[in-house]
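Results of the structural survey
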Amino acid sequence: MQFGSVPTVGVDALTSENFLLDVREDDEWEAGHAEGALHIPMSEFVARYGELTEAAPQDGKVYVLCRVGGRSAQVAQYLIQQGVDAVNVAGGMQAWEAAGRPVSDGKGGSGSVI
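Nothing here was measured: the structure is a model prediction, and the numbers come from that model. (Residues numbered from 1 in each chain as written. Predicted model: local features only at pLDDT ≥ 70, side-chain atom pairs only at ≥ 80, totals over all residues. Heavy atoms only, no water.)

Remarks on the overall build of the protein
A count of helical and extended segments in the protein gives four helices and six strands. Of the regular secondary structure in the protein, the N- to C-terminal order runs β-β-β-α-β-α-β-α-β-α. Computed over C-alpha atoms, the radius of gyration of the protein comes to 13 Å, within 12% of the 13 Å expected from 2.2 N^0.38 for 114 residues, which places it in the range of a compact globule. C-alpha extents for the protein along the principal axes are approximately 35 × 30 × 25 Å. Considering the protein as a whole, with its 114 residues, one finds that 43% of them fall into the buried category. Put simply, of all contacts in the protein between residues at least 6 apart along the chain, 60% involve residues at least 24 apart. (Helix = DSSP H or I, 4+ residues; strand = E, 2+ residues; numbered from the N terminus. Rg over C-alpha atoms; globule rule 2.2 N^0.38 Å. Buried < 20%, exposed > 50% of the residue type's maximum accessible area, 1.4 Å probe, protein only. Contact = heavy atoms within 4.5 Å.)

This is the structure in structure tokens:
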């Protein structure tokens, strides 16, 4: 599936082995996120790009998440232009939560998607 020219997958295609990048803002992240995801807000992404290159698996895909899929599509497009194998996650964290995937508050509790 494509979002414009950006490769896109649904949350059902993701496994615990996939590298997730959450580009939502801090308040959204703190309310609830996918455990193990790397968090770099879209508003800070270009300045913090090095954090992704250090954390992402070499020669692996980066699955980009936001709330519903718009911001993540833009970041995935940027990453592809940088030569990163990036994939947008359709439906974002709303789809993640709707699919029954765990949402963490980062403090050991159950989070929510705002």
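Some points on the side chain of Ser104
Mapping Ser104 onto the fold places it in the segment after α4 (92-98). Given the relative accessible area of 8%, Ser104 is considered buried. Side-chain polar atoms of Ser104 contact the backbone nitrogen of Gly106, separated by 2.9 Å. Dropping the residues within four chain positions of it, Ser104 is found in contact with Gly32, His33, Glu35, Gly109 and Gly111. (Polar contact = N/O pair within 3.5 Å; in protein donor to acceptor, adjacent residues only side chain to side chain.)

With respect to the UniProt feature "domain: Rhodanese" (unreviewed entry) in the protein
The positions UniProt marks with the feature "domain: Rhodanese" (unreviewed entry) are residues 20-105. Between the C-alpha atoms that bound residues 20-105 the distance is 16 Å, and the span itself is 37% helix and 15% strand. (UniProt positions renumbered as here; feature names shortened; annotations may be inferred.)

Brief notes about the nonpolar core
Counting 18 residues, the largest nonpolar core has Leu21, Phe45, Leu52, Val62, Val64, Val75 and Leu79 as its most contacted members. For this core, the elements supplying multiple residues, two or more each, are β3 (19-22), α2 (49-55), β5 (62-65) and α3 (70-81). For this core, the element with the highest residue contribution is α3, accounting for three residues. Among all residues touching Val62, those that are not within four sequence positions of it are Phe19, Leu21, Leu52, Ala56, Leu79, Val84, Asp85, Ala86 and Val87. Ranked by size, the runner-up nonpolar core spans 14 residues in total, among them Leu20, Leu65, Trp96 and Val113. (Core = buried A, V, L, I, M, F, W, Y, C linked by side-chain atoms within 4.5 Å.)

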